[in-house]
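Residues per chain, in single letters:
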Amino acid sequence: MSAAIEQAQIGLSEGGIPIGSVLVKDQLIVGRGRNRRVQDRDPVAHAEIDCLRNAGRIGGYRGATLYSTLTPCFMCAGAAIQFGIRKVVIGDIETYADTLDFLKAHGIEVVALKLTECQQMLADFAANNPDLWKEDKGDL
C-alpha cells in the first residue's frame, strides 16, 4: 500500500487528485498509477485504470492483487472484474463504499485497511478543492 500512497502523493504534487494504485503479481509490483484526470484532461484516467495501462500486457491477471488508496469506483471495479483480478486492497473505503458489495458479488476478495493516512489525504484534498473533488466523484 505504501507504493500506492506514494503514487497518490506524486499526483497531488502534479496538481492532480491524490489517488494512487499499484498492481502486484508474484510479489512484484508490475504496474503503478495515479489519478491523472487533471494532468491529462482525461475523464477516465483514474488511478486504477492508469495502473492497469502502465502494467501493460502481463500474460494474465490471475493471482494479481490491485491496491488502491480508496475504494475503486464502478468503472475501476469493472476493470478489475473484467481482467479477473481476484483481490483488491483498499486504503480508504468511505468514498465509494457502495462498490464494495459489487466487487464481492463478482468474487473479488476485498481487504479494507481503513488507513488514516489515505482518509486524511482525501479529506484534506476535498476540503481544499471541493469542486474538483465533486467532479472526480461525478457529483456535479
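Before reading further, recall that the structure is shown in the block above.
Reference entry: report on the structure contained in this document. None of these values were measured; they are calculated from a predicted model. (Residues numbered from 1 in each chain as written. Predicted model: local features only at pLDDT ≥ 70, side-chain atom pairs only at ≥ 80, totals over all residues. Heavy atoms only, no water.)

1. Considerations on helix α4 (residues 74-82)
1) Next: Listed as buried for α4 are Cys 76, Ala 77, Ala 79 and Ala 80. Along the long axis of α4, the arc covered by the buried residues comes to 155°, so they all point the same way.
2) Next: At its buried positions, α4 is contacted by α3 (47-55), β3 (65-70) and α5 (99-105).
3) Next: In the stretch just after α4, Gly 84 is the one whose phi turns positive, near 75°. (Buried < 20%, exposed > 50% of the residue type's maximum accessible area, 1.4 Å probe, protein only. Helix = DSSP H or I, 4+ residues; strand = E, 2+ residues; numbered from the N terminus. Arc of directions from axis to C-beta. Contact = heavy atoms within 4.5 Å.)

2. Notes on the side chain of Thr 71
1) Next: Inspection of the secondary structure puts Thr 71 in the loop between β3 and α4.
2) Next: You can call Thr 71 buried: its relative accessible area is 0%.

3. Overview of the nonpolar core
Inside soluble globular proteins, nonpolar side chains tend to come together where they are buried.
1) Next: With 30 residues, the main nonpolar core has Ile 19, Leu 23, Leu 66, Ile 85 and Trp 133 as its most contacted residues.
2) Next: Counting only elements with at least two residues in this core, the list comes to α3, β3, α4, β4 (87-92), α5 and α6 (116-128).
3) Next: Here this core takes five residues from α3, the largest share from any one element.
4) Next: Residues contacting Ile 19, with those up to four places away along its chain left out, are Ala 8, Gly 33, Arg 34, Asn 35, Ala 47, Ser 68, Thr 69, Leu 70, Leu 122, Trp 133 and Asp 136. (Core = buried A, V, L, I, M, F, W, Y, C linked by side-chain atoms within 4.5 Å.)

4. Things to note about the packing of helix α1 (residues 2-13) against α6
1) Next: Between α1 and α6, the shortest axis-to-axis distance is 11 Å and the interhelical angle comes to 15°. In terms of their interaxial angle, α1 and α6 are classed as roughly parallel. Remark: the crossing between α1 and α6 carries left-handed chirality. When α1 is examined against α6, the residues Ile 5, Ala 8, Gln 9 and Leu 12 are found in contact with a partner set consisting of Glu 117, Cys 118, Met 121 and Phe 125.
2) Next: Here the residues of the contact of α1 with α6 are counted per class, giving six nonpolar, one polar and one charged. (Axes fitted to C-alpha atoms, helices over the stretch in contact; angles between N-to-C directions. Parallel < 35°, antiparallel > 145°, perpendicular 65-115°, else oblique. Left-handed = near helix turned anticlockwise from the far one by under 90°. Nonpolar A, V, L, I, M, F, W, Y, C, P; charged D, E, K, R; others polar.)

5. Some thoughts on the packing of aromatic side chains
1) Next: Applying the stated rule across the entire model yields three aromatic pairs.
2) Next: Here the aromatic rings of Tyr 61 and Phe 83 are separated by 5.1 Å at their centres, their planes lie at 45°, and the arrangement is tilted. In this pair, Tyr 61 is assigned in the loop between α3 and β3 and Phe 83 in the loop between α4 and β4, connecting sequence segments 22 residues apart.
3) Next: Using a relative accessible area of 39% as the deciding quantity, one classes Phe 83 as partly exposed.
4) Next: Between Phe 125 and Trp 133 the ring centres are 6.3 Å apart and the planes differ by 75°, which places this aromatic pair in the edge-to-face class. Across the pair, exposure class does not vary: Phe 125 and Trp 133 are buried alike. (Phe/Tyr/Trp six-rings, centres within 6.5 Å; stacked < 30°, edge-to-face > 60°.)

6. Side note on the pairing of strand β5 (residues 109-112)
1) Next: Inspection of the sheet shows β4 paired to β5 by four bridges, in the parallel sense. Residue pairing for β5: Lys 87 is matched across the bridge by Glu 109. (Pairing = 2+ DSSP bridges.)

7. With respect to the sheet that holds β4
1) Next: On the basis of which strands lie adjacent, the open sheet formed by five strands has the order β2-β1-β3-β4-β5 and mixed pairing. In the strand order of this sheet, the two ends are held by β2 (28-34) and β5, each with one partner. For this sheet, the mean angle separating the axes of adjacent strands, direction not counted, is 20°.
2) Next: Examined bridge by bridge, strand β1 (residues 20-25) and β3 share four bridges and lie antiparallel to one another. Its bridge partner being in β3, Ser 21 is matched across the sheet by Ser 68.

Everything listed here is a matter of geometry and, on its own, says nothing about what the molecule does.
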